[in-house]
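One letter stands for each residue in the lines below.
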Amino acid sequence: MKTSLAGIRVIELSTMITGPLTGMMLADLGADVIKVENPDGGDPFRSFRGGLYSPHYCAYNRNKRSIALDLRSDQGNAALTRLIERSDVVLNNFRPGVLERLGFGDEFLQETNPRIIRCSISGFGSTGPYAERPAYDTVAQALSGMSSLFVDPHNPRISGPTIVDNATGLYACQAILAALVERERTGKARRIDVNMLDTAIAFMPDPFGYLTQMNVVSDLYLRARTSQSYAFRCADEKLIAIHLSSQEKFWLQFTEAIDRLDLLRDQRFSTRTLRIDNYDALSSAVCETFLCHSREYWIDRFSPKDVPFAPVYNVDEVMSDPQVQHLGSFFDLHHPTEGDLKAIRRPIWFDGSRSDQPTQAPPMLGEHTVDVLEELGLEVPTHHADANATAAGA
(Lines give C-alpha, C1' and ligand atoms only; values in the text may rest on other atoms or scores of the structure.)
Protein backbone atom coordinates (compact mmCIF):
# COMPACT_ATOMS: atom_id res chain seq x y z
CA MET A 1 0.00 0.00 0.00
CA LYS A 2 1.39 3.41 -0.95
CA THR A 3 2.07 5.63 2.03
CA SER A 4 0.99 9.25 2.35
CA LEU A 5 4.51 10.70 2.31
CA ALA A 6 6.09 8.28 -0.16
CA GLY A 7 8.82 10.08 -2.10
CA ILE A 8 9.46 12.70 0.60
CA ARG A 9 13.00 12.64 2.00
CA VAL A 10 13.76 14.15 5.40
CA ILE A 11 17.22 14.83 6.80
CA GLU A 12 17.07 14.54 10.57
CA LEU A 13 19.89 16.30 12.42
CA SER A 14 18.58 15.82 15.91
CA THR A 15 18.94 13.95 19.19
CA MET A 16 16.92 12.96 22.25
CA ILE A 17 13.14 13.53 21.81
CA THR A 18 11.80 16.64 20.04
CA GLY A 19 13.47 16.22 16.65
CA PRO A 20 13.53 12.41 16.65
CA LEU A 21 9.81 12.25 17.45
CA THR A 22 9.09 14.67 14.60
CA GLY A 23 11.17 12.53 12.26
CA MET A 24 9.54 9.32 13.44
CA MET A 25 6.05 10.70 12.89
CA LEU A 26 6.98 11.62 9.32
CA ALA A 27 8.58 8.19 8.85
CA ASP A 28 5.42 6.49 10.14
CA LEU A 29 3.61 8.26 7.30
CA GLY A 30 6.07 6.90 4.77
CA ALA A 31 8.76 9.58 4.46
CA ASP A 32 12.34 8.43 3.92
CA VAL A 33 13.90 9.83 7.10
CA ILE A 34 17.69 9.77 7.16
CA LYS A 35 19.04 10.28 10.66
CA VAL A 36 22.46 11.92 10.47
CA GLU A 37 24.50 11.02 13.55
CA ASN A 38 27.90 11.79 14.99
CA PRO A 39 30.16 8.76 14.51
CA ASP A 40 31.29 9.14 18.13
CA GLY A 41 28.32 7.52 19.85
CA GLY A 42 25.51 9.00 17.75
CA ASP A 43 22.31 10.19 19.39
CA PRO A 44 23.02 10.37 23.16
CA PHE A 45 19.69 8.63 23.77
CA ARG A 46 21.27 5.48 22.32
CA SER A 47 23.39 4.98 25.43
CA PHE A 48 21.00 6.44 28.00
CA ARG A 49 20.95 3.15 29.91
CA GLY A 50 24.06 1.62 28.40
CA GLY A 51 24.82 0.16 24.97
CA LEU A 52 23.70 1.78 21.73
CA TYR A 53 20.10 0.56 21.53
CA SER A 54 18.37 1.80 24.66
CA PRO A 55 14.58 1.84 25.13
CA HIS A 56 14.73 5.64 25.08
CA TYR A 57 16.35 5.66 21.65
CA CYS A 58 14.11 2.91 20.23
CA ALA A 59 10.95 4.72 21.37
CA TYR A 60 11.61 7.64 19.00
CA ASN A 61 13.54 6.25 16.03
CA ARG A 62 11.73 3.48 14.18
CA ASN A 63 11.35 3.54 10.39
CA LYS A 64 14.49 5.62 9.86
CA ARG A 65 17.85 5.08 8.21
CA SER A 66 21.01 6.03 10.13
CA ILE A 67 24.05 7.52 8.47
CA ALA A 68 27.07 8.41 10.58
CA LEU A 69 28.89 11.51 9.32
CA ASP A 70 31.64 13.64 10.78
CA LEU A 71 30.35 17.01 9.62
CA ARG A 72 33.71 18.62 10.37
CA SER A 73 35.41 16.45 7.73
CA ASP A 74 35.45 17.06 3.99
CA GLN A 75 33.75 13.71 3.34
CA GLY A 76 31.00 14.31 5.87
CA ASN A 77 30.43 17.85 4.65
CA ALA A 78 30.18 16.69 1.04
CA ALA A 79 27.76 13.89 1.94
CA LEU A 80 25.41 16.17 3.84
CA THR A 81 25.55 18.75 1.05
CA ARG A 82 24.57 16.08 -1.48
CA LEU A 83 21.75 14.98 0.81
CA ILE A 84 20.49 18.55 1.05
CA GLU A 85 20.43 18.81 -2.73
CA ARG A 86 18.19 15.74 -2.96
CA SER A 87 15.87 16.15 0.04
CA ASP A 88 12.60 17.87 0.86
CA VAL A 89 13.03 18.69 4.55
CA VAL A 90 15.96 19.29 6.88
CA LEU A 91 15.12 19.03 10.57
CA ASN A 92 17.36 19.94 13.49
CA ASN A 93 17.07 20.51 17.22
CA PHE A 94 20.51 21.97 17.83
CA ARG A 95 20.92 25.13 19.87
CA PRO A 96 20.65 28.31 17.77
CA GLY A 97 23.81 28.94 15.74
CA VAL A 98 25.18 25.38 15.67
CA LEU A 99 24.24 24.67 12.05
CA GLU A 100 25.68 28.04 11.01
CA ARG A 101 29.00 27.19 12.67
CA LEU A 102 29.06 23.89 10.79
CA GLY A 103 28.54 25.75 7.51
CA PHE A 104 24.91 24.71 7.03
CA GLY A 105 23.04 27.88 7.91
CA ASP A 106 19.70 28.83 6.43
CA GLU A 107 21.22 30.86 3.59
CA PHE A 108 23.40 27.91 2.52
CA LEU A 109 20.44 25.53 2.66
CA GLN A 110 18.31 27.79 0.47
CA GLU A 111 21.09 28.32 -2.06
CA THR A 112 21.84 24.60 -2.21
CA ASN A 113 18.19 23.54 -2.58
CA PRO A 114 15.57 26.30 -2.99
CA ARG A 115 12.79 23.74 -2.46
CA ILE A 116 14.00 22.41 0.87
CA ILE A 117 11.87 23.10 3.95
CA ARG A 118 13.97 23.99 7.00
CA CYS A 119 12.60 23.15 10.46
CA SER A 120 14.53 24.20 13.53
CA ILE A 121 13.48 23.16 17.04
CA SER A 122 14.92 25.01 20.03
CA GLY A 123 14.28 25.47 23.70
CA PHE A 124 13.35 29.14 23.75
CA GLY A 125 13.51 30.39 20.17
CA SER A 126 16.43 31.67 18.12
CA THR A 127 16.56 35.10 19.79
CA GLY A 128 15.93 36.59 23.20
CA PRO A 129 17.59 36.51 26.63
CA TYR A 130 17.26 32.70 27.00
CA ALA A 131 18.11 31.70 23.43
CA GLU A 132 21.50 30.19 24.30
CA ARG A 133 20.37 28.31 27.39
CA PRO A 134 20.10 24.52 27.39
CA ALA A 135 16.52 23.30 27.59
CA TYR A 136 14.90 20.03 28.50
CA ASP A 137 11.34 19.00 29.24
CA THR A 138 11.50 19.87 32.95
CA VAL A 139 12.85 23.35 32.20
CA ALA A 140 10.10 24.14 29.70
CA GLN A 141 7.41 22.77 32.02
CA ALA A 142 8.68 24.93 34.86
CA LEU A 143 9.04 28.16 32.90
CA SER A 144 5.64 27.85 31.21
CA GLY A 145 3.75 27.39 34.47
CA MET A 146 2.90 23.78 33.65
CA SER A 147 4.87 22.39 36.59
CA SER A 148 2.78 24.43 39.01
CA LEU A 149 -0.17 22.26 37.95
CA PHE A 150 1.67 19.02 38.75
CA VAL A 151 4.14 19.68 41.56
CA ASP A 152 3.00 19.82 45.18
CA PRO A 153 4.77 22.90 46.60
CA HIS A 154 4.90 21.29 50.04
CA ASN A 155 6.56 18.13 48.73
CA PRO A 156 8.10 19.17 45.41
CA ARG A 157 9.00 16.27 43.14
CA ILE A 158 9.12 16.03 39.37
CA SER A 159 7.07 13.09 38.12
CA GLY A 160 5.39 11.66 35.07
CA PRO A 161 6.41 11.33 31.42
CA THR A 162 7.87 13.98 29.15
CA ILE A 163 5.10 16.26 27.93
CA VAL A 164 6.65 19.37 26.38
CA ASP A 165 9.28 17.38 24.47
CA ASN A 166 6.58 15.27 22.88
CA ALA A 167 4.19 18.15 22.24
CA THR A 168 7.00 20.06 20.53
CA GLY A 169 7.52 17.14 18.18
CA LEU A 170 3.80 17.13 17.39
CA TYR A 171 3.75 20.84 16.55
CA ALA A 172 6.92 20.55 14.46
CA CYS A 173 5.43 17.68 12.47
CA GLN A 174 2.22 19.67 11.94
CA ALA A 175 4.24 22.62 10.64
CA ILE A 176 6.28 20.49 8.26
CA LEU A 177 3.17 18.86 6.81
CA ALA A 178 1.58 22.29 6.29
CA ALA A 179 4.78 23.56 4.63
CA LEU A 180 4.86 20.55 2.30
CA VAL A 181 1.28 21.28 1.20
CA GLU A 182 2.09 24.96 0.66
CA ARG A 183 5.20 24.12 -1.35
CA GLU A 184 3.18 21.91 -3.68
CA ARG A 185 0.67 24.73 -4.22
CA THR A 186 3.03 27.70 -4.51
CA GLY A 187 6.58 26.38 -4.86
CA LYS A 188 7.59 28.33 -1.75
CA ALA A 189 9.75 26.47 0.78
CA ARG A 190 9.32 27.76 4.31
CA ARG A 191 11.69 28.11 7.24
CA ILE A 192 9.97 26.76 10.36
CA ASP A 193 10.92 27.58 13.94
CA VAL A 194 9.31 25.74 16.85
CA ASN A 195 10.42 26.15 20.45
CA MET A 196 9.60 24.30 23.64
CA LEU A 197 8.53 27.33 25.67
CA ASP A 198 5.93 28.44 23.11
CA THR A 199 4.80 24.85 22.82
CA ALA A 200 4.29 24.37 26.55
CA ILE A 201 2.16 27.50 26.76
CA ALA A 202 0.13 26.64 23.66
CA PHE A 203 -0.42 23.07 24.82
CA MET A 204 -2.36 24.17 27.92
CA PRO A 205 -4.52 27.18 27.00
CA ASP A 206 -7.11 26.63 29.75
CA PRO A 207 -5.10 28.03 32.69
CA PHE A 208 -4.34 31.21 30.76
CA GLY A 209 -8.01 31.55 29.86
CA TYR A 210 -8.90 31.31 33.54
CA LEU A 211 -6.29 33.94 34.35
CA THR A 212 -7.11 36.47 31.66
CA GLN A 213 -10.90 36.10 31.63
CA MET A 214 -11.70 35.29 35.27
CA ASN A 215 -8.58 36.42 37.14
CA VAL A 216 -8.29 32.89 38.56
CA VAL A 217 -4.83 31.40 39.08
CA SER A 218 -4.95 27.67 38.43
CA ASP A 219 -3.70 25.25 41.05
CA LEU A 220 -3.03 21.52 41.07
CA TYR A 221 -6.71 20.60 41.26
CA LEU A 222 -8.62 23.35 39.46
CA ARG A 223 -8.98 21.29 36.29
CA ALA A 224 -10.09 18.23 38.28
CA ARG A 225 -12.65 20.22 40.26
CA THR A 226 -14.06 21.93 37.18
CA SER A 227 -14.25 18.76 35.09
CA GLN A 228 -15.43 16.71 38.08
CA SER A 229 -12.62 14.19 37.70
CA TYR A 230 -11.85 11.75 40.50
CA ALA A 231 -9.57 8.82 41.31
CA PHE A 232 -10.65 6.34 43.98
CA ARG A 233 -8.84 3.52 45.73
CA CYS A 234 -10.65 0.19 45.79
CA ALA A 235 -10.58 -2.67 48.31
CA ASP A 236 -7.77 -4.43 46.43
CA GLU A 237 -5.62 -1.26 46.52
CA LYS A 238 -6.16 -0.68 42.81
CA LEU A 239 -7.43 2.63 41.45
CA ILE A 240 -10.32 3.66 39.26
CA ALA A 241 -10.84 7.02 37.54
CA ILE A 242 -14.19 8.79 37.04
CA HIS A 243 -14.79 11.85 34.85
CA LEU A 244 -18.29 13.28 35.31
CA SER A 245 -17.79 16.37 33.14
CA SER A 246 -20.81 18.65 32.76
CA GLN A 247 -23.68 16.38 31.76
CA GLU A 248 -26.15 15.79 34.57
CA LYS A 249 -26.85 12.23 33.40
CA PHE A 250 -23.30 11.21 34.27
CA TRP A 251 -23.79 12.39 37.86
CA LEU A 252 -27.12 10.63 38.19
CA GLN A 253 -25.85 7.33 36.82
CA PHE A 254 -22.70 7.59 38.94
CA THR A 255 -24.81 7.70 42.11
CA GLU A 256 -26.79 4.70 40.87
CA ALA A 257 -23.67 2.68 40.05
CA ILE A 258 -22.24 3.13 43.54
CA ASP A 259 -25.67 2.79 45.21
CA ARG A 260 -25.44 6.22 46.83
CA LEU A 261 -28.73 7.89 45.93
CA ASP A 262 -28.46 9.72 49.23
CA LEU A 263 -25.96 12.02 47.51
CA LEU A 264 -28.80 13.38 45.39
CA ARG A 265 -30.49 14.67 48.54
CA ASP A 266 -27.35 16.36 49.85
CA GLN A 267 -27.68 20.09 49.20
CA ARG A 268 -23.90 20.45 48.92
CA PHE A 269 -24.01 18.43 45.69
CA SER A 270 -27.38 19.42 44.22
CA THR A 271 -25.90 21.31 41.26
CA ARG A 272 -22.73 20.99 39.23
CA THR A 273 -21.52 24.35 40.51
CA LEU A 274 -21.96 23.18 44.09
CA ARG A 275 -20.19 19.91 43.32
CA ILE A 276 -17.26 21.94 42.01
CA ASP A 277 -17.26 24.15 45.12
CA ASN A 278 -17.51 21.09 47.38
CA TYR A 279 -15.18 18.84 45.41
CA ASP A 280 -13.17 17.68 48.43
CA ALA A 281 -16.29 16.98 50.46
CA LEU A 282 -17.79 14.91 47.66
CA SER A 283 -14.58 12.96 47.19
CA SER A 284 -14.43 12.22 50.91
CA ALA A 285 -18.10 11.20 50.99
CA VAL A 286 -17.54 8.65 48.22
CA CYS A 287 -14.06 7.28 48.88
CA GLU A 288 -15.22 4.94 51.67
CA THR A 289 -17.79 3.42 49.31
CA PHE A 290 -15.12 2.45 46.80
CA LEU A 291 -13.02 0.88 49.54
CA CYS A 292 -15.77 -1.70 50.12
CA HIS A 293 -15.17 -3.59 46.86
CA SER A 294 -12.45 -4.53 44.39
CA ARG A 295 -11.73 -2.58 41.23
CA GLU A 296 -13.10 -5.43 39.12
CA TYR A 297 -16.38 -5.15 41.03
CA TRP A 298 -16.60 -1.45 40.24
CA ILE A 299 -15.74 -2.04 36.58
CA ASP A 300 -18.69 -4.44 36.40
CA ARG A 301 -20.93 -1.89 38.11
CA PHE A 302 -19.98 0.97 35.80
CA SER A 303 -19.84 -0.95 32.52
CA PRO A 304 -23.63 -0.96 31.92
CA LYS A 305 -23.92 2.69 32.92
CA ASP A 306 -23.31 5.73 30.74
CA VAL A 307 -20.52 7.05 32.96
CA PRO A 308 -16.99 7.95 31.76
CA PHE A 309 -14.68 5.70 33.79
CA ALA A 310 -11.55 3.59 33.46
CA PRO A 311 -9.23 1.56 35.63
CA VAL A 312 -6.02 3.41 36.46
CA TYR A 313 -3.59 0.95 34.95
CA ASN A 314 0.04 0.51 35.73
CA VAL A 315 2.09 0.55 32.53
CA ASP A 316 2.48 -3.23 32.63
CA GLU A 317 -1.32 -3.67 32.54
CA VAL A 318 -2.07 -1.60 29.44
CA MET A 319 -1.17 -4.11 26.72
CA SER A 320 -3.63 -6.72 27.99
CA ASP A 321 -6.66 -4.39 28.00
CA PRO A 322 -9.35 -5.67 25.58
CA GLN A 323 -9.77 -2.35 23.77
CA VAL A 324 -6.01 -1.86 23.39
CA GLN A 325 -5.75 -5.37 21.96
CA HIS A 326 -8.69 -4.72 19.64
CA LEU A 327 -7.01 -1.58 18.29
CA GLY A 328 -3.70 -3.36 17.82
CA SER A 329 -1.93 -0.43 19.45
CA PHE A 330 1.30 -2.39 19.90
CA PHE A 331 3.20 -4.43 17.34
CA ASP A 332 6.47 -6.30 17.04
CA LEU A 333 9.58 -5.19 15.20
CA HIS A 334 12.70 -7.21 14.47
CA HIS A 335 16.24 -5.98 14.02
CA PRO A 336 18.72 -8.41 12.45
CA THR A 337 21.33 -7.90 15.19
CA GLU A 338 19.38 -6.46 18.12
CA GLY A 339 16.45 -8.85 18.02
CA ASP A 340 12.77 -8.27 18.74
CA LEU A 341 11.20 -5.24 20.34
CA LYS A 342 7.72 -3.92 20.95
CA ALA A 343 6.62 -0.73 19.20
CA ILE A 344 3.55 1.50 19.28
CA ARG A 345 1.49 2.08 16.17
CA ARG A 346 0.89 5.63 15.03
CA PRO A 347 -2.51 6.82 16.35
CA ILE A 348 -3.67 7.75 12.84
CA TRP A 349 -5.93 5.57 10.69
CA PHE A 350 -6.52 6.08 6.96
CA ASP A 351 -9.69 4.55 5.50
CA GLY A 352 -10.08 2.35 8.56
CA SER A 353 -6.57 0.92 8.41
CA ARG A 354 -3.00 1.39 9.59
CA SER A 355 -1.55 -1.29 7.31
CA ASP A 356 0.43 1.33 5.38
CA GLN A 357 2.60 2.15 8.42
CA PRO A 358 6.19 1.05 7.77
CA THR A 359 7.54 -1.50 10.24
CA GLN A 360 11.30 -1.01 10.22
CA ALA A 361 13.15 -1.40 13.52
CA PRO A 362 15.21 1.55 14.79
CA PRO A 363 18.62 1.50 13.08
CA MET A 364 21.98 0.91 14.66
CA LEU A 365 24.48 3.75 14.47
CA GLY A 366 25.57 4.19 10.86
CA GLU A 367 23.64 1.13 9.73
CA HIS A 368 22.75 2.68 6.37
CA THR A 369 25.84 4.82 5.77
CA VAL A 370 27.08 2.77 2.83
CA ASP A 371 23.64 2.45 1.25
CA VAL A 372 22.96 6.19 1.42
CA LEU A 373 26.42 7.16 0.15
CA GLU A 374 25.98 4.86 -2.82
CA GLU A 375 22.53 6.31 -3.52
CA LEU A 376 24.09 9.76 -3.54
CA GLY A 377 26.76 8.65 -5.96
CA LEU A 378 29.53 9.23 -3.44
CA GLU A 379 32.58 7.07 -2.97
CA VAL A 380 32.48 4.76 0.03
CA PRO A 381 35.75 5.07 2.01
CA THR A 382 37.78 1.87 2.00
CA HIS A 383 38.03 1.84 5.79
CA HIS A 384 34.33 0.93 5.98
CA ALA A 385 35.03 -2.66 6.93
CA ASP A 386 31.56 -3.03 8.35
CA ALA A 387 29.20 -1.46 5.83
CA ASN A 388 26.40 -1.13 8.35
CA ALA A 389 28.18 0.37 11.34
CA THR A 390 30.91 2.73 10.20
CA ALA A 391 31.05 6.44 9.58
CA ALA A 392 31.95 8.48 6.54
CA GLY A 393 34.80 10.81 7.37
CA ALA A 394 35.34 9.31 10.83
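Here, every reference points to the structure presented above.
Source: prediction; values computed, not measured.

1. Structural notes on helix α11 (residues 248–257)
So, step 1. Restricting attention to buried positions, one finds in α11 the residues F250, W251, F254, T255 and A257. Along the axis of α11, the buried residues cluster in a sector spanning 160°; they form a single face.
So, step 2. For α11, the secondary structure elements touched by its buried residues are β7 (229–233), β8 (239–243), α12 (272–277), α13 (279–290) and α14 (295–302).
So, step 3. Just past α11, the residue D259 takes up positive phi, approximately 60°.

2. Section: the pairing of strand β3 (residues 64–69)
So, step 1. For β3, a buried count of 6 out of 6 residues is recorded, marking the element as mostly surrounded by other parts of the structure.
So, step 2. The side-chain alternation of β3 yields two buried faces, one formed by K64, S66 and A68 and the other by R65, I67 and L69.

3. Remarks on the sheet that holds β7
So, step 1. A sheet is described by the order of its strands in space; here 3 strands give the open sequence β7-β8-β9, paired in antiparallel fashion. Edge positions in the open sheet fall to β7 and β9 (309–312), since each of these has one partner strand only. For this sheet, the mean angle separating the axes of adjacent strands, direction not counted, is 25°.
So, step 2. Bridge analysis of β8 against β9 gives 4 bridges, and the strand direction is antiparallel.

4. Some words on the packing of aromatic side chains
So, step 1. Summed over the entire model, instances satisfying the criterion amount to 16 aromatic pairs.
So, step 2. Seen in terms of ring centroids, F232 and F290 are 4.4 Å apart; in terms of plane orientation they differ by 5°. Their pairing is stacked. Linking F232 in strand β7 with F290 in helix α13, this pair joins segments that are 58 residues apart in sequence. Of the two residues examined, F232 and F290, each falls in the buried class.
So, step 3. Taken together through their ring pairs, the aromatic side chains of Y230, F232, W251, F254, Y279, F290, Y297, W298, F302 and F309 make up a single cluster.
So, step 4. The lysine or arginine in question, R133, covers the ring of Y130, its NZ or CZ lying 3.9 Å from the ring centre.
So, step 5. Here the guanidinium or amino end of R345 rests over the ring plane of F331, the centre of that ring lying 4.5 Å away.

5. Points about helix α7 (residues 164–186)
So, step 1. Taking 1.5 Å per residue as the helical rise, α7 with its 23 residues ought to reach 33 Å, and the 32 Å between its terminal C-alpha atoms agrees with that figure.
So, step 2. Listing the buried residues of α7 in full gives V164, D165, A167, T168, G169, A172, C173, I176, A179, L180 and R183.
So, step 3. Where the residues of α7 are buried, they touch α1 (18–28), β4 (89–92), β5 (117–122), α6 (137–144), β6 (191–195) and α8 (196–202).
So, step 4. The positive-phi residue at the C-terminal boundary of α7 is G187, with phi of around 85°.

6. A look at the packing of α1 against α7
So, step 1. Close contact between α1 and α7 brings their axes to 8 Å; oriented N to C, the two are set at 50°. Classified by the interaxial angle, the pair formed by α1 and α7 is oblique. The hand of the α1/α7 crossing is right-handed. For the pair α1 and α7, contact is made by T18, L21, T22, M25 and L26 and by D165, N166, T168, G169, L170, A172, C173, I176 and L177, respectively.
So, step 2. Partitioning the contact of α1 with α7 into residue classes produces 8 nonpolar, 5 polar and 1 charged.

7. So, the packing of α11 against α14
When two helices pack together, their arrangement is given by the angle between the helix axes and the distance between those axes.
So, step 1. Remark: α11 packs on α14, axes separated minimally by 9 Å, with the N-to-C direction vectors making an angle of 130°. Classified by the interaxial angle, the pair formed by α11 and α14 is oblique. Classified by chirality, the crossing of α14 by α11 is right-handed. From α11, F254, E256 and A257 reach across to α14, where they touch W298, R301 and F302.

8. Some remarks on the environment of V36
So, step 1. Within the secondary structure, V36 is located in strand β2 (residues 32–37).
So, step 2. Classification of V36 as buried rests on a relative accessible area of 8%.
So, step 3. Leave out the neighbours within four places in its chain, and V36 touches I11, E12, L13, I67, L69, L71, L80 and L83.

Calculation rules
Residues numbered from 1 in each chain as written. Predicted model: local features only at pLDDT ≥ 70, side-chain atom pairs only at ≥ 80, totals over all residues. Heavy atoms only, no water. Buried < 20%, exposed > 50% of the residue type's maximum accessible area, 1.4 Å probe, protein only. Helix = DSSP H or I, 4+ residues; strand = E, 2+ residues; numbered from the N terminus. Arc of directions from axis to C-beta. Contact = heavy atoms within 4.5 Å. Pairing = 2+ DSSP bridges. Axes fitted to C-alpha atoms, helices over the stretch in contact; angles between N-to-C directions. Phe/Tyr/Trp six-rings, centres within 6.5 Å; stacked < 30°, edge-to-face > 60°. Lys NZ or Arg CZ within 6 Å of the ring centre and 35° of its normal. Expected span 1.5 Å × (residues − 1). Parallel < 35°, antiparallel > 145°, perpendicular 65-115°, else oblique. Left-handed = near helix turned anticlockwise from the far one by under 90°. Nonpolar A, V, L, I, M, F, W, Y, C, P; charged D, E, K, R; others polar.

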